[in-house]
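Listed below are the residues making up each chain.
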Amino acid sequence: MALEIARSVDELRRLVESARRNGLTIGLVPTMGALHEGHASLIRAARGETGWVIVSIFVNPTQFGPNEDYQRYPRTWEQDLAVCQANGADLVFAPPVKEVFPPGYSTFVEVTKLQDPLCGGSRPGHFRGVATVVLKLFNMTTPDRAYFGQKDAQQARIIRQLVRDLNLPVTIRVCPIVREPDGLALSSRNRYLSPEDRHSATVLYRALETARRMIESGERNAACIRERMLAMIQSTPRAVAEYVDIVDYETMQPVANVQSGILIALAVKFGATRLIDNFLWHGESTG
Ligand code: PAF
(Lines give C-alpha, C1' and ligand atoms only; values in the text may rest on other atoms or scores of the structure.)
Protein backbone atom coordinates (compact mmCIF):
# COMPACT_ATOMS: atom_id res chain seq x y z
CA MET A 1 0.00 0.00 0.00
CA ALA A 2 1.15 3.57 -0.71
CA LEU A 3 2.77 5.38 2.20
CA GLU A 4 0.61 8.32 3.31
CA ILE A 5 1.96 11.54 4.79
CA ALA A 6 0.16 13.81 7.26
CA ARG A 7 1.46 17.23 8.27
CA SER A 8 -1.39 18.40 10.48
CA VAL A 9 -3.15 16.90 13.49
CA ASP A 10 -6.51 17.20 11.67
CA GLU A 11 -5.27 15.15 8.68
CA LEU A 12 -3.69 12.63 11.04
CA ARG A 13 -6.91 12.23 13.05
CA ARG A 14 -9.00 11.66 9.90
CA LEU A 15 -6.64 8.89 8.79
CA VAL A 16 -6.46 7.30 12.27
CA GLU A 17 -10.27 7.31 12.50
CA SER A 18 -10.54 5.62 9.12
CA ALA A 19 -8.00 2.93 10.16
CA ARG A 20 -9.98 2.36 13.36
CA ARG A 21 -13.25 2.09 11.40
CA ASN A 22 -11.52 -0.65 9.38
CA GLY A 23 -10.88 -2.49 12.63
CA LEU A 24 -7.10 -1.94 12.61
CA THR A 25 -4.96 -1.58 15.72
CA ILE A 26 -2.51 1.33 15.66
CA GLY A 27 1.26 1.08 16.15
CA LEU A 28 3.36 4.21 16.66
CA VAL A 29 7.11 4.54 16.14
CA PRO A 30 8.11 8.01 17.40
CA THR A 31 11.33 9.27 15.77
CA MET A 32 13.24 12.44 15.03
CA GLY A 33 14.06 11.20 11.52
CA ALA A 34 17.59 10.45 10.24
CA LEU A 35 16.32 6.89 10.26
CA HIS A 36 18.73 3.96 10.43
CA GLU A 37 18.48 0.20 10.87
CA GLY A 38 17.61 0.67 14.57
CA HIS A 39 14.48 2.62 13.59
CA ALA A 40 13.79 0.12 10.81
CA SER A 41 13.74 -2.68 13.41
CA LEU A 42 11.12 -0.71 15.41
CA ILE A 43 8.97 -0.21 12.30
CA ARG A 44 9.18 -3.93 11.51
CA ALA A 45 8.23 -4.82 15.10
CA ALA A 46 5.20 -2.49 14.84
CA ARG A 47 4.33 -3.98 11.43
CA GLY A 48 4.39 -7.48 12.94
CA GLU A 49 2.18 -6.62 15.89
CA THR A 50 -0.29 -3.96 14.76
CA GLY A 51 -2.59 -3.40 11.79
CA TRP A 52 -1.66 0.19 10.91
CA VAL A 53 1.80 1.65 11.51
CA ILE A 54 2.47 5.35 12.03
CA VAL A 55 6.05 6.68 12.06
CA SER A 56 6.27 10.19 13.47
CA ILE A 57 9.19 12.28 12.25
CA PHE A 58 9.58 15.38 14.36
CA VAL A 59 12.82 16.98 15.54
CA ASN A 60 11.52 18.13 18.90
CA PRO A 61 13.04 21.50 19.85
CA THR A 62 11.98 21.17 23.50
CA GLN A 63 14.34 18.26 24.18
CA PHE A 64 17.49 20.10 23.04
CA GLY A 65 19.45 22.41 25.34
CA PRO A 66 20.49 25.89 24.13
CA ASN A 67 24.00 24.74 23.14
CA GLU A 68 22.97 21.40 21.67
CA ASP A 69 22.60 20.24 18.08
CA TYR A 70 18.95 21.11 17.31
CA GLN A 71 19.84 23.24 14.29
CA ARG A 72 22.34 20.82 12.81
CA TYR A 73 20.46 17.62 13.75
CA PRO A 74 20.44 15.56 10.51
CA ARG A 75 17.28 15.96 8.43
CA THR A 76 17.15 13.29 5.72
CA TRP A 77 13.53 13.38 4.52
CA GLU A 78 13.78 11.41 1.25
CA GLN A 79 15.87 8.62 2.81
CA ASP A 80 13.52 8.50 5.80
CA LEU A 81 10.50 8.00 3.54
CA ALA A 82 12.33 5.16 1.78
CA VAL A 83 13.07 3.47 5.14
CA CYS A 84 9.41 3.84 6.21
CA GLN A 85 8.18 2.43 2.90
CA ALA A 86 10.65 -0.47 2.82
CA ASN A 87 9.78 -1.57 6.36
CA GLY A 88 6.02 -1.46 6.01
CA ALA A 89 4.88 1.82 7.60
CA ASP A 90 1.43 3.05 6.54
CA LEU A 91 1.65 6.70 7.53
CA VAL A 92 4.39 9.23 8.22
CA PHE A 93 3.29 12.00 10.55
CA ALA A 94 5.70 14.90 10.07
CA PRO A 95 4.23 18.06 11.57
CA PRO A 96 5.95 21.45 11.43
CA VAL A 97 7.08 22.81 14.81
CA LYS A 98 4.17 25.29 14.97
CA GLU A 99 1.66 22.45 14.69
CA VAL A 100 3.05 20.79 17.83
CA PHE A 101 4.20 23.85 19.78
CA PRO A 102 2.18 26.82 18.51
CA PRO A 103 2.98 30.32 19.79
CA GLY A 104 1.81 30.61 23.40
CA TYR A 105 2.31 26.91 24.09
CA SER A 106 2.84 26.50 27.85
CA THR A 107 2.09 22.98 29.12
CA PHE A 108 4.87 20.53 30.03
CA VAL A 109 4.95 17.17 31.75
CA GLU A 110 7.82 15.93 33.92
CA VAL A 111 8.60 12.47 35.22
CA THR A 112 10.29 13.56 38.42
CA LYS A 113 13.32 11.77 39.91
CA LEU A 114 13.84 9.41 36.94
CA GLN A 115 14.59 12.43 34.75
CA ASP A 116 17.49 13.70 36.91
CA PRO A 117 20.43 11.21 36.78
CA LEU A 118 22.50 9.96 33.81
CA CYS A 119 21.58 11.95 30.66
CA GLY A 120 19.34 14.19 32.78
CA GLY A 121 22.41 15.38 34.71
CA SER A 122 24.19 16.66 31.63
CA ARG A 123 21.06 17.62 29.65
CA PRO A 124 18.80 19.53 32.05
CA GLY A 125 15.25 19.76 30.69
CA HIS A 126 15.88 17.05 28.09
CA PHE A 127 13.47 14.48 29.51
CA ARG A 128 10.83 17.12 30.22
CA GLY A 129 10.90 17.83 26.48
CA VAL A 130 10.83 14.11 25.62
CA ALA A 131 7.98 13.28 28.02
CA THR A 132 5.95 16.25 26.78
CA VAL A 133 6.31 15.48 23.09
CA VAL A 134 5.73 11.75 23.57
CA LEU A 135 2.55 12.43 25.54
CA LYS A 136 1.41 14.80 22.80
CA LEU A 137 2.23 12.24 20.09
CA PHE A 138 0.23 9.62 22.02
CA ASN A 139 -2.74 12.01 22.29
CA MET A 140 -2.54 12.85 18.59
CA THR A 141 -2.10 9.31 17.24
CA THR A 142 -3.92 7.27 19.95
CA PRO A 143 -1.72 4.18 19.44
CA ASP A 144 -2.45 0.76 20.89
CA ARG A 145 1.29 0.09 20.98
CA ALA A 146 4.32 2.36 20.78
CA TYR A 147 7.87 1.26 19.99
CA PHE A 148 11.11 2.60 21.46
CA GLY A 149 14.75 1.49 21.35
CA GLN A 150 16.65 0.11 24.34
CA LYS A 151 19.61 2.29 23.35
CA ASP A 152 17.75 5.18 25.00
CA ALA A 153 17.30 3.13 28.17
CA GLN A 154 16.53 6.05 30.46
CA GLN A 155 14.03 7.46 27.95
CA ALA A 156 12.30 4.05 27.74
CA ARG A 157 12.14 3.82 31.55
CA ILE A 158 10.71 7.36 31.78
CA ILE A 159 8.08 6.67 29.12
CA ARG A 160 6.96 3.50 30.90
CA GLN A 161 6.57 5.56 34.08
CA LEU A 162 4.66 8.29 32.21
CA VAL A 163 2.25 5.68 30.84
CA ARG A 164 1.81 4.06 34.24
CA ASP A 165 1.38 7.33 36.18
CA LEU A 166 -1.03 8.96 33.73
CA ASN A 167 -3.02 5.76 32.96
CA LEU A 168 -2.32 6.09 29.25
CA PRO A 169 -4.04 3.35 27.22
CA VAL A 170 -0.95 2.32 25.27
CA THR A 171 1.40 -0.68 25.53
CA ILE A 172 5.09 0.22 25.39
CA ARG A 173 7.42 -2.07 23.50
CA VAL A 174 11.17 -1.65 23.96
CA CYS A 175 13.25 -3.27 21.21
CA PRO A 176 16.91 -4.42 21.38
CA ILE A 177 19.85 -2.20 20.48
CA VAL A 178 21.00 -2.62 16.86
CA ARG A 179 24.78 -2.51 16.43
CA GLU A 180 27.39 -2.18 13.70
CA PRO A 181 29.52 -5.32 13.21
CA ASP A 182 32.21 -3.80 15.50
CA GLY A 183 29.66 -3.19 18.27
CA LEU A 184 28.96 0.54 17.86
CA ALA A 185 25.28 1.11 18.62
CA LEU A 186 23.44 2.67 15.67
CA SER A 187 22.61 6.32 16.24
CA SER A 188 21.58 9.21 14.03
CA ARG A 189 24.55 11.07 15.52
CA ASN A 190 27.17 8.51 14.35
CA ARG A 191 27.26 10.37 11.04
CA TYR A 192 28.90 13.34 12.80
CA LEU A 193 32.01 11.25 13.64
CA SER A 194 35.29 11.74 11.76
CA PRO A 195 36.91 8.47 10.60
CA GLU A 196 39.31 8.64 13.60
CA ASP A 197 36.49 9.27 16.07
CA ARG A 198 34.39 6.54 14.45
CA HIS A 199 37.30 4.17 15.16
CA SER A 200 37.57 5.34 18.79
CA ALA A 201 33.79 5.21 19.28
CA THR A 202 33.85 1.42 19.66
CA VAL A 203 35.14 2.12 23.18
CA LEU A 204 31.53 2.45 24.41
CA TYR A 205 30.73 -1.13 23.43
CA ARG A 206 34.16 -2.43 24.47
CA ALA A 207 33.77 -0.86 27.92
CA LEU A 208 30.29 -2.40 28.30
CA GLU A 209 31.60 -5.79 27.20
CA THR A 210 34.43 -5.52 29.73
CA ALA A 211 31.83 -4.78 32.43
CA ARG A 212 29.77 -7.74 31.28
CA ARG A 213 32.80 -10.06 31.45
CA MET A 214 33.74 -8.77 34.91
CA ILE A 215 30.21 -9.44 36.15
CA GLU A 216 30.13 -12.85 34.52
CA SER A 217 33.40 -13.71 36.28
CA GLY A 218 31.85 -12.82 39.62
CA GLU A 219 32.79 -9.15 40.15
CA ARG A 220 29.99 -7.44 42.11
CA ASN A 221 31.68 -4.21 43.17
CA ALA A 222 30.14 -1.46 41.03
CA ALA A 223 32.99 1.00 41.76
CA CYS A 224 35.62 -1.46 40.43
CA ILE A 225 33.63 -2.02 37.23
CA ARG A 226 33.09 1.68 36.75
CA GLU A 227 36.78 2.46 37.27
CA ARG A 228 37.83 -0.12 34.68
CA MET A 229 35.36 1.33 32.17
CA LEU A 230 36.52 4.89 32.85
CA ALA A 231 40.17 3.86 32.41
CA MET A 232 39.36 2.37 29.00
CA ILE A 233 37.66 5.59 27.91
CA GLN A 234 40.47 7.77 29.26
CA SER A 235 43.04 5.84 27.24
CA THR A 236 41.06 6.24 23.98
CA PRO A 237 42.04 9.17 21.69
CA ARG A 238 39.64 12.13 21.95
CA ALA A 239 37.11 10.19 24.05
CA VAL A 240 35.81 12.15 27.05
CA ALA A 241 33.53 10.31 29.47
CA GLU A 242 30.48 12.35 30.41
CA TYR A 243 29.20 9.64 32.74
CA VAL A 244 29.62 5.95 33.41
CA ASP A 245 26.94 4.81 35.84
CA ILE A 246 25.68 1.58 37.32
CA VAL A 247 22.12 2.08 38.52
CA ASP A 248 19.03 0.19 39.56
CA TYR A 249 16.92 0.25 36.37
CA GLU A 250 13.71 0.74 38.33
CA THR A 251 14.84 3.80 40.32
CA MET A 252 17.81 4.97 38.20
CA GLN A 253 19.77 5.40 41.45
CA PRO A 254 23.43 4.24 41.71
CA VAL A 255 24.06 0.83 43.27
CA ALA A 256 27.15 -0.20 45.22
CA ASN A 257 26.79 -3.87 44.34
CA VAL A 258 25.75 -5.50 41.11
CA GLN A 259 22.46 -7.32 41.41
CA SER A 260 19.77 -8.38 38.98
CA GLY A 261 17.90 -5.50 37.28
CA ILE A 262 20.79 -3.06 37.01
CA LEU A 263 21.57 -0.81 34.08
CA ILE A 264 25.15 0.02 33.11
CA ALA A 265 25.00 3.17 31.03
CA LEU A 266 27.54 5.58 29.64
CA ALA A 267 27.79 8.78 27.61
CA VAL A 268 31.04 9.64 25.86
CA LYS A 269 31.90 12.75 23.87
CA PHE A 270 34.10 12.94 20.80
CA GLY A 271 34.46 16.69 20.25
CA ALA A 272 30.88 17.99 19.99
CA THR A 273 29.42 14.54 19.30
CA ARG A 274 27.90 12.77 22.26
CA LEU A 275 27.18 9.03 22.10
CA ILE A 276 25.34 6.83 24.60
CA ASP A 277 25.09 3.08 25.11
CA ASN A 278 24.09 0.64 27.85
CA PHE A 279 23.31 -2.86 28.88
CA LEU A 280 20.83 -4.31 31.30
CA TRP A 281 21.95 -7.06 33.65
CA HIS A 282 19.12 -9.39 34.56
CA GLY A 283 21.19 -11.88 36.51
CA GLU A 284 21.85 -14.90 34.35
CA SER A 285 21.03 -13.34 30.97
CA THR A 286 21.69 -9.82 29.64
CA GLY A 287 19.99 -7.65 27.06
O1 PAF B 1 14.18 8.82 20.72
C2 PAF B 1 13.86 9.79 20.00
O3 PAF B 1 14.11 9.83 18.80
C4 PAF B 1 13.12 10.96 20.62
O5 PAF B 1 13.58 11.23 21.91
C6 PAF B 1 11.59 10.81 20.60
C7 PAF B 1 11.15 9.63 21.46
C8 PAF B 1 11.11 10.62 19.17
C9 PAF B 1 10.92 12.06 21.17
O10 PAF B 1 11.25 13.19 20.42
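Computed from a predicted structure; not experimentally measured. (Residues numbered from 1 in each chain as written. Predicted model: local features only at pLDDT ≥ 70, side-chain atom pairs only at ≥ 80, totals over all residues. Heavy atoms only, no water.)

### What about the sheet that holds strand β7 (residues 239-248)?
Read from one edge of the open sheet, 3 strands run β7-β8-β9, paired in antiparallel fashion. Of all strands in the sheet, those with a lone pairing partner are β7 and β9 (273-281), marking the two edges. Strand-to-strand twist across the sheet, computed as the mean angle between neighbouring axes with direction ignored, equals 15°. For β7 and strand β8 (residues 262-270), the ladder comprises 9 bridges, and the chain directions are antiparallel. Bridge pairing in β8 places alanine 241 opposite valine 268. The sheet contacts of helix α10 (residues 222-234) involve β7 and β8, and relative to β7 the element is tilted by about 160°. (Pairing = 2+ DSSP bridges. Helix = DSSP H or I, 4+ residues; strand = E, 2+ residues; numbered from the N terminus. Axes fitted to C-alpha atoms, helices over the stretch in contact; angles between N-to-C directions. Contact = heavy atoms within 4.5 Å.)

### Re the pattern of salt bridges
Following the criterion strictly, the structure yields 16 salt bridges and no others. Put simply, arginine 173 and glutamate 49 hold a salt bridge, and the shortest N to O gap is 2.8 Å. In this pair, arginine 173 sits in strand β6 (residues 171-175) while glutamate 49 sits in helix α2 (residues 37-49), placing the two residues 124 residues apart along the sequence. Among the salt bridges present, the one from arginine 123 reaches glutamate 68, with a minimum N-O distance of 2.5 Å. Placement of arginine 123 in the loop between α5 (119-122) and α6 (126-141) and of glutamate 68 in the loop between β3 (52-57) and α3 (77-86) is noted, with a sequence separation of 55 residues between them. Under the relative-accessibility criterion, arginine 123 is labelled buried at 9%. Through salt bridges with shared partners, a single ionic network connects Glu49, Arg145 and Arg173. (Salt bridge = Lys/Arg side-chain N within 4 Å of Asp/Glu carboxyl O. Buried < 20%, exposed > 50% of the residue type's maximum accessible area, 1.4 Å probe, protein only.)

### With respect to the environment of lysine 98
Tracing the sequence through the fold places lysine 98 in helix α4 (residues 97-100). Lysine 98 gets classed as exposed once you look at its relative accessible area, which sits at 61%. Residues lysine 98 and serine 8, spaced 90 residues apart in sequence, show a C-alpha to C-alpha distance of 9.9 Å.

### Focus on the packing of helix α9 (residues 203-216) against α10
Orientation of α9 relative to α10, taken along the N-to-C sense of each, is 150°, at an axis distance of 9 Å. Comparing their axes, α10 and α9 come out roughly antiparallel. Here α9 runs over α10; the crossing is right-handed. Facing α9, whose interface residues are Val203, Arg206, Ala207, Leu208, Thr210, Ala211, Met214 and Ile215, α10 presents Cys224, Ile225, Arg228, Met229, Met232 and Ile233. Its residues assigned to classes, the contact of α9 with α10 shows 11 nonpolar, 1 polar and 2 charged. (Parallel < 35°, antiparallel > 145°, perpendicular 65-115°, else oblique. Left-handed = near helix turned anticlockwise from the far one by under 90°. Nonpolar A, V, L, I, M, F, W, Y, C, P; charged D, E, K, R; others polar.)

### Let's talk about the environment of phenylalanine 279
Structurally, phenylalanine 279 is set in strand β9. Residue classification places phenylalanine 279 among the buried positions, given a relative accessible area of 2%.

### Details of the layout of surface pockets
Estimated volume of the largest pocket: approximately 270 Å³. Every residue lining the largest pocket is counted, 13 residues in all, and those nearest its centre are Glu68, Asp69, Lys269, Ala272 and Arg274. Among the residues forming the lining of the largest pocket, the class breakdown is 2 nonpolar, 3 polar and 8 charged. In terms of domain composition, the lining of the largest pocket takes at least three residues from each of domain 1 (4-175) and domain 2 (188-280). In this structure, the second largest pocket spans a volume of roughly 220 Å³. (1 Å grid on protein atoms, 1.4 Å probe; cavity = no way out; pocket = protein on both sides within 12 Å on 5 of 7 lines; lining within 4 Å. Points joined across faces, edges and corners; volume = space filled by probe spheres on them. Domains from an automatic or database assignment.)

### Considering the domain arrangement of the chain
Domain annotation of the chain identifies domain 1 (4-175) and domain 2 (188-280). Placing a centre on the C-alpha atoms of domain 1 and another on those of domain 2 gives a separation of 26 Å. On the domain 2 side, the residues contacting the 24 residues of domain 1 number 21 residues. Carbon and sulfur atoms make up 49% of the area that domain 1 and domain 2 hide from each other, which totals about 1,900 Å². (Buried area = accessible area lost by both parts, 1.4 Å probe.)

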